Amino acid sequence: MNKETRQRIVIEMDDNLPVHYTHGFIGGPNQLNEIEINLYSECEDLPGPADLTLTEDGQVLTDTTYDEPDRARVRTIHTRTVIDAYTARSLARWLYAQADRVDGIAPSDPFDPDADHYYMP
């Protein structure tokens, strides 16, 4: 007799969970053959110091900018995640489906060679 087992999944989200906007990601396989994903936000360095002489109505009369070293982009990693290859493939399929929805395209499997837009890994 084959008895079907049902499992209920409860998803809870911390009320104080911060939202981080992501501009990119870095990572790759680690020594345990897991995939590490580091999501980061990116901004430019603040400009160097400057002396401004302003009129009473706020117009700039003189602008003296001091020499500054080359500025850099600052990437701040907010999320560090480790997943296995199976989960990575599932995540890739899910992300493609979400991007298709955002673009107004009917979601399809990006790894299906017969699909309209096939992703070649």
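K.L.:
Looking at this model, I keep getting lost on the pattern of salt bridges. Mind explaining?
P.N.:
Side chains that differ in charge, positive against negative, can pair when their charged atoms come close. Tallied over the full model, the rule gives three salt bridges. Across the salt bridge formed by E42 and R75, the nearest N and O atoms sit 2.5 Å from each other. A residue pair is termed long-range when its members are at least 10 positions apart, and E42 in strand β2 (residues 35-44) and R75 in strand β5 (residues 73-83) qualify at 33 residues.

K.L.:
Whenever I open this one, helix α1 (residues 85-102) confuses me. Can you help?
P.N.:
One turn of the α-helix equals 3.6 residues, which is why residues spaced by three or four share an orientation. The end-to-end C-alpha distance of α1, which contains 18 residues, comes to 26 Å, matching closely the 26 Å that a straight helix rising 1.5 Å per residue would cover. Among all positions of α1, only A88, A97 and D100 are buried. On its buried face, α1 is in contact with β2 and β5. G104, located one to two residues past α1, shows a positive phi value of around 75 degrees.

K.L.:
Honestly, the sheet that holds β5 in this entry has me stumped. Any pointers?
P.N.:
Strands pair in a sheet through their backbones, by hydrogen bonds, and they do so in one of two ways: parallel or antiparallel. The strand order across the open sheet formed by three strands is β1-β2-β5, and the pairing between neighbours is antiparallel. Each of the sheet's edge strands pairs with one partner strand only, and the pair in question is β1 (24-29) and β5. Averaged over neighbouring strand pairs, the angle between their axes works out to 20 degrees when direction is ignored. Bridge count for β1 against β2 is six bridges, and the pairing is antiparallel.

Calculation criteria
- Residues numbered from 1 in each chain as written.
- Predicted model: local features only at pLDDT ≥ 70, side-chain atom pairs only at ≥ 80, totals over all residues.
- Heavy atoms only, no water.
- Salt bridge = Lys/Arg side-chain N within 4 Å of Asp/Glu carboxyl O.
- Helix = DSSP H or I, 4+ residues; strand = E, 2+ residues; numbered from the N terminus.
- Expected span 1.5 Å × (residues − 1).
- Buried < 20%, exposed > 50% of the residue type's maximum accessible area, 1.4 Å probe, protein only.
- Contact = heavy atoms within 4.5 Å.
- Pairing = 2+ DSSP bridges.
- Axes fitted to C-alpha atoms, helices over the stretch in contact; angles between N-to-C directions.

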